[in-house]
There are 2 protein chains.
Amino acid sequence: MPQRREVRDKVTIVEIADAAGVSKSTVSLVLTGRGSVKPETRERIRQAMDALGYVYNRGAANLRNTQSKIVGLVLNDLSNPFFAEFAIGVETVLQMAGYVAFMANTSESVVRQTQVMRMMREHGAGGIILCPALDTKPEDIAWAGGLDTALLVAIRRLPGVAASVVIPDNVAGAARVTRHLLNLGHKRIAYLGGMHSMVVRQDRFQGCAEAMAGAGQAIDPGLNIESMPTRDGGFTAMGSALALPDRPTAVVCYNDVVAIGAMLAAAKRGLVVGRDIAIVGFDDTSEARHVSPALTTIAVDAGGLGERAAAMLLERITNPASPATTHIGPADLVIRESCGAYQHALAAAG
Amino acid sequence: MPQRREVRDKVTIVEIADAAGVSKSTVSLVLTGRGSVKPETRERIRQAMDALGYVYNRGAANLRNTQSKIVGLVLNDLSNPFFAEFAIGVETVLQMAGYVAFMANTSESVVRQTQVMRMMREHGAGGIILCPALDTKPEDIAWAGGLDTALLVAIRRLPGVAASVVIPDNVAGAARVTRHLLNLGHKRIAYLGGMHSMVVRQDRFQGCAEAMAGAGQAIDPGLNIESMPTRDGGFTAMGSALALPDRPTAVVCYNDVVAIGAMLAAAKRGLVVGRDIAIVGFDDTSEARHVSPALTTIAVDAGGLGERAAAMLLERITNPASPATTHIGPADLVIRESCGAYQHALAAAG
DNA sequence: CCAATTTAATGGAACGTTCCATTTTATTCT
DNA sequence: AGAATAAAATGGAACGTTCCATTAAATTGG
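Quick caveat: nothing in here was measured; it's all calculated off a predicted structure. (Residues numbered from 1 in each chain as written. Chains lettered and ligands numbered in written order. Predicted model: local features only at pLDDT ≥ 70, side-chain atom pairs only at ≥ 80, totals over all residues. Heavy atoms only, no water.)

Our focus in this paragraph is helix 12 (residues 302–318) of chain A. Residues and elements named next belong to chain A. The terminal C-alpha atoms of helix 12 lie 24 Å apart, and with 17 residues this matches the ideal 24 Å at 1.5 Å per residue to within 8%. For helix 12, the complete set of buried residues consists of A302, G303, L305, G306, A309, A310, M312, L313, L314 and I317. Tucked into the core, helix 12 has its buried residues touching strand 1 (70–75), helix 5 (81–96), strand 3 (127–130), strand 4 (150–154), strand 5 (164–168) and strand 11 (326–329). (Helix = DSSP H or I, 4+ residues; strand = E, 2+ residues; numbered from the N terminus. Expected span 1.5 Å × (residues − 1). Buried < 20%, exposed > 50% of the residue type's maximum accessible area, 1.4 Å probe, protein only. Contact = heavy atoms within 4.5 Å.)

Written out as structure tokens, the structure is:
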């Protein structure tokens, strides 16, 4: 007696060929759209395909091709809306080009990052967009020189790595928002949040310091305070800033989430943000708009950076001879309430 | 004369074998860790691998295996922090199990959703977690009965589809928050946001209506107002609610983002939310905590749902005989300021 | 020390596709 | 109509791996 069939085995190209009374080569032709096949035959094959529920096996195809049509996107912190926006931008461009993104979240873990990138390469990713986890070392991506997988580093640049780069103009943005505070009359300005080892902090701090220098001022070293780049980090950093005998009158924060933590700390001490003290952020995440008072910050267009990153990577994939390039995106000042500009203007008018 | 070599071709298992003076079968053995090979030989092979920069070709391997170790995650709206949290939960569990997630964002487009799921199946995904785009029809995922790719539907259930399901307890959650409002003395309660065709809205509205009925009340049909499930949608829906001759005193919203839009509309009309009118949300996204006044809402633990979804899918992948199951996660009331409970308590005490 | 056993290592045939070199069939030109 | 050409269809050898059936080498037992 015939044994009950356990699992219907995958339907392949030759079964389609049999069903359509044609050779497997012909089926391949209609699949890839490469040769010329009689419309009538094509139709017969198409019908056989959905009748049998055929699904194309890209693994098998890539075995000959090398063209994998997949790219990896490695994010250090998907819970940060900034990176979600970035990812959406990447995805949009990729999907238009018929590529599919292989996305993964490392939660700032370098070992996870390594694992995930290995997996992606093993699956034949033609390129990887990497937003590196903290403490990523050049040797963690030693393969980057190779020709099989193109690498693009985004958001956090990675000194000493041969790869294309897409970042916002951190130093110009920080300089811009600092000048805004200087124009409002602030002199005693603090820089809050982020760890000293982060290149992004270095860049932003540098912009801030340059703007101060341009106005003949300098940042008091005691007002340059590190913290984790989190809400809690901002909260405690602001706490120590306010405990100082000579408080700052304005605070530029590493990013929006630090700024929001700092606002909480100020409020807790009875200060009205925007009146008693100015606080500004960086990134312009959607939270910046909805927090109260609304946060003055630097908009870097996360989605746009993502689109640009994807486009640049695609270019390098399709044309491997092209050199690695660097794109530095705009960083625009968005004035809201937390800097006190509005109240300042009122006072000037009144 | 020899032509300059264009691209170093991929190094394969047999090149490793040659370099290590061994057969390709032996290399395969150490790669898979299946047979027994002398430690000394294993070491020699390992060294050859990193000397030549070998990268495992999973496509080729899967050709024999069928075990792909990849699963797809299809999200309808990555820009919503709720789904980002969900995705992180999924990713965490998947990565522990040695799987890699293939993540894609559809932005509520059914055609994009179809494309992306086809791609994933073509790449050999063993399963797909789908947060369906609006207007997804059962026939859009007709393949779901097949045995090659397991399907799990999350967050928005999809009537008429043979798949496992993971959703929060929408009706219980909505009932709970509605009872809370009833306990605060509200009688004229509106339901705001979401389109009538969405099953999630149907469930939440049902919970709300049941709670009202339990208190001998009913929702005035004129206070059941549809809108897009966005901030703008909430804003305009609230606008029309407030334009009514007989205004609601409390509003339960489809989700947090609608609620935040509604709060803006109320504030614009000079109402103090939490005092002049109660507004509550659903989801407990991180924005709910930071908006002012802080939003009373229903917490559904997006991350936990994600973890559960991944675990359930993995179970079905490794054991295809197991039946499709449904998990309904908890929905807990989080009382903050926007419902006025605090002021209510003060008044009662004073 | 030889047989029996265990441990290591090896060919070679798949797996599902592509693509080159051919062959078959249809179309056009004089 | 017959030759020349163009269009359509086909075998079969890759691609990089796994795994079964073997063989070779090492270990054990009496």
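Now that the structure has been shown, we can carry on.
Right, let's get into the sheet that holds strand 7 (residues 224–225) of chain A. Residues and elements named next belong to chain A. The four strands are arranged 7-6-8-9 in an open sheet whose pairing can be described as parallel. Two strands in the sheet have a free side with no partner beyond their single neighbour: strand 7 and strand 9 (278–280). In the sheet, strand 8 (residues 250–253) pairs with strand 9 via three bridges, with the strands oriented parallel. Each residue of the ladder has a partner; that of V251, found in strand 9, is I279. (Pairing = 2+ DSSP bridges.)

Now for the UniProt feature "domain: HTH cro/C1-type" (unreviewed entry) in chain A. Residues annotated in UniProt with the feature "domain: HTH cro/C1-type" (unreviewed entry) correspond here to residues 10–55 of chain A. Regarding residues 10–55 of chain A, the helix share stands at 67% and the strand share at 0%, and the terminal C-alpha atoms are separated by 8 Å. (UniProt positions renumbered as here; feature names shortened; annotations may be inferred.)

Residues and elements named next belong to chain B. Along the chain, V334 falls in strand 12 (residues 332–334). Considered as a pair, V334 and T297 are 37 residues apart in the sequence and their alpha carbons are 5.4 Å apart. Contact partners of V334, with chain neighbours within four places excluded, come to D284, L295, T296, T297 and A299.

Turning next to the sheet that holds strand 2 (residues 100–105) of chain A. All names here are of chain A. Taken in spatial order, the six strands of this open sheet run 2-1-3-4-5-11, and their pairing is parallel. Edge positions in the open sheet fall to strand 2 and strand 11, since each of these has one partner strand only. Strand-to-strand twist of the sheet, defined as the mean angle between neighbouring strand axes without regard to direction, takes the value 15°. When strand 1 meets strand 3, the two strands line up parallel, connected through four bridges. Its bridge partner being in strand 3, L73 is matched across the sheet by I129. This element, helix 5, spans strand 1, strand 2, strand 3 and strand 4 of the sheet and lies at about 175° to strand 1. Contacting strand 1, strand 3, strand 4, strand 5 and strand 11, helix 12 crosses the sheet at an angle of about 170° to strand 5. (Axes fitted to C-alpha atoms, helices over the stretch in contact; angles between N-to-C directions.)

Moving on, we come to the domain arrangement of chain A. Here the domain parsing of chain A yields domain 1 (13–56), domain 2 (67–167 + 302–319) and domain 3 (170–299 + 334–349). One C-alpha centre belongs to domain 1 of chain A, the other to domain 3 of chain A, and the line joining them spans 63 Å. (Domains from an automatic or database assignment.)

Attention shifts here to the UniProt feature "domain: HTH lacI-type" (unreviewed entry) in chain A. As recorded in UniProt, the sites labelled "domain: HTH lacI-type" (unreviewed entry) are residues 11–65 of chain A. Helix and strand shares over residues 11–65 of chain A are 71% and 0% respectively, and the end C-alpha atoms of the span are 21 Å apart.

Counting through the fold element by element, P229(B) comes out in the loop between strand 7 (224–225) and helix 9 (231–243). Apart from the residues lying within four places of it in its own chain, the contact partners of P229(B) are M198(B), Y254(B), N255(B), V257(B) and V258(B).

This paragraph deals with the pairing of strand 8 (residues 250–253) of chain B. The side chains of a regular strand alternate, residue by residue, between the two faces of the sheet. Residues and elements named next belong to chain B. Side chains A250 and V252 of strand 8 all project onto a buried face; the interleaved residues V251 and C253 project onto the opposite face, where all are buried too. Where strand 6 (residues 189–192) lies against strand 8, four bridges are found, and the strand directions are parallel. In the strand pairing of strand 8, Y191 is matched with V252. Between the parallel elements strand 8 and strand 9 (residues 278–280), the chain passes through helix 10 (residues 256–268) in a crossover that is right-handed. (Right-handed = clockwise from strand over helix to strand, strands pointing away.)

Once that is clear, we can look at the protein's contact with DNA strand C. I13(A), S28(A), Y54(A), T26(B) and S36(B) are the nearest of the 27 residues found near DNA strand C. Sugar and phosphate atoms represent 64% of those atoms of DNA strand C found within 4 Å of the protein. At 3.0 Å, a side-chain N or O of R64(A) approaches a base oxygen of DNA strand C. One of the side-chain N or O atoms of K24(B) is found 2.9 Å from a base oxygen in DNA strand C. At five residues, the largest contribution of residues to the surface near DNA strand C is made by helix 4 (residues 58–65) of chain A. The residue inventory of the surface near DNA strand C, partitioned by class, reads ten nonpolar, eleven polar and six charged. (Near = heavy atom within 4 Å. Polar contact = N/O pair within 3.5 Å; in protein donor to acceptor, adjacent residues only side chain to side chain. Nonpolar A, V, L, I, M, F, W, Y, C, P; charged D, E, K, R; others polar.)

Residue placement: D283(A) occurs in the loop between strand 9 and helix 11 (286–290). Ignoring sequence-local partners within four residues, the contact set of D283(A) consists of F82(A), R204(A), N255(A), D256(A), T297(A), I298(A), A299(A) and V300(A).

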